[in-house]
Amino acid sequence: MFPNGIINIHPSLLPKWKGPSPIQYCLLNGETVTGVTLIKLDSEIDHGPIISQRPYNLNGNETSEDLLSILFEIGAEMVEEVVLKLENGETINETPQDHSKETWSYKITKEDGHIDINQLNAKRYELNAMVRAFYPWPGVWFRYTLPVIARSETTKQSSLENKIIKLLPEGKIQVEGKKPMTYKDFVNGFGDEGKEIIEKIHLV
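Below or above, wherever it landed, is the structure these notes cover. (Residues numbered from 1 in each chain as written. Predicted model: local features only at pLDDT ≥ 70, side-chain atom pairs only at ≥ 80, totals over all residues. Heavy atoms only, no water.)

1. A word on the overall build of the protein
Along the protein, the regular secondary structure elements total 4 helices and 7 strands. For the protein, the C-alpha radius of gyration of 22 Å lies well beyond 17 Å, the compact-globule estimate for 204 residues. Overall, the protein is about 80 × 35 × 30 Å in size when its C-alpha atoms are taken along their principal axes. With 204 residues in all, the protein has 37% of them scored as buried. Taken as a whole, the protein presents about 12,400 Å² of accessible surface, with 50% of it coming from carbon and sulfur. For the protein, the centre of its 22 positive side-chain charges and the centre of its 29 negative side-chain charges are spaced 8 Å apart. (Helix = DSSP H or I, 4+ residues; strand = E, 2+ residues; numbered from the N terminus. Rg over C-alpha atoms; globule rule 2.2 N^0.38 Å. Buried < 20%, exposed > 50% of the residue type's maximum accessible area, 1.4 Å probe, protein only. Areas by Shrake-Rupley, 256 points an atom, 1.4 Å probe, with all protein chains shown as cover. Lys, Arg positive; Asp, Glu negative; His and termini not counted. Charge placed at Lys NZ, Arg CZ, Asp CG, Glu CD.)

This is how it looks when you write it as structure tokens:
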């Protein structure tokens with residue numbers, strides 16, 4: 001059906017980070033440069049010859065959501081350039097990948113975002129990289145027992161509840177059932193337990 005082949009947009013500088021999650025793995029591994037590669041598809045995954053590549057320098061604050069938008073906008077520009085060349089009858093050069101230098105990304109699951117803050121060995125920059133890589137999904141999350149206040153017109157009752165807590169970019173944190181808040185507001189709202197959590201995650 002396609003005698004001239006099929007062009008694929010891949011959001012990494014192949015042969016680095018082949019597979020389904022190149023953006024997340026780029027951020028998790030603290031890369032400073034990524035980019036977009038156009039390849040001609042063959043029968044293997046992310047294996048075909050390179051048609052075009054364009055690097056992108058990271059500023060260290062991007063999330064997966066940010067980088068997805070940025071890289072596919074670049075990819076769209078690259079595809080347009082290739083299509084115009086084809087329409088003009090120009091030859092598209094193909095360069096085989098150096099497969100000896102390939103690295104692989106793998107499918108992200110919800111459990112990849114789970115951390116145990118009581119056994120947190122990650123350094124601050126590593127946890128920050130996780131937060132950015134796993135935003136907006138699956139998020140970096142853990143469970144913790146927090147005091148929860150239930151109010152009525154006449155009474156105020158406090159109870160302890162086990163809640164899912166998510167760490168968000170830009171110094172935000174979100175408790176299950178509540179809106180994102182700053183670390184300061186979190187400590188003000190949840191007292192000693194909130195302070196204990198912030199100290200354990202080492203992000204401030």
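Alright, that's what it looks like, and here's the rest.
2. Examining the nonpolar core
The biggest cluster of nonpolar side chains holds 39 residues, and the ones touching the most others in it are Ile115, Ile165, Leu167 and Phe186. Elements with a contribution of two residues or more to this core: α1 (22-28), β2 (33-40), α2 (64-87), α3 (124-133), β4 (140-151), β5 (156-168), β6 (172-175) and α4 (183-201). When near neighbours in sequence (up to four residues on either side) are disregarded, Phe186 contacts Ile165, Ile173, Val175, Met181, Gly191, Gly194, Ile197 and Ile198. (Core = buried A, V, L, I, M, F, W, Y, C linked by side-chain atoms within 4.5 Å. Contact = heavy atoms within 4.5 Å.)

3. Re the packing of aromatic side chains
The description of an aromatic ring pair rests on the distance of the ring centres and on the angle between the ring planes. This model, assessed by the stated rule, comprises 3 aromatic pairs. Here the aromatic rings of Trp17 and Tyr25 are separated by 5.6 Å at their centres, their planes lie at 50°, and the arrangement is tilted. On the accessibility criterion, Tyr25 (19% relative accessible area) is buried. Summarising the aromatic geometry, the rings of Phe186 and Phe190 are spaced 5.3 Å apart at their centres and angled 45° between planes, so their arrangement reads as tilted. Separated by 4 residues within a single helix, Phe186 and Phe190 lie in helix α4, roughly one turn from each other. Like Phe186, the residue Phe190 is buried in the burial classification. Here the aromatic residues Trp17, Tyr25 and Tyr106 are joined through ring pairs into a cluster of three or more. (Phe/Tyr/Trp six-rings, centres within 6.5 Å; stacked < 30°, edge-to-face > 60°.)

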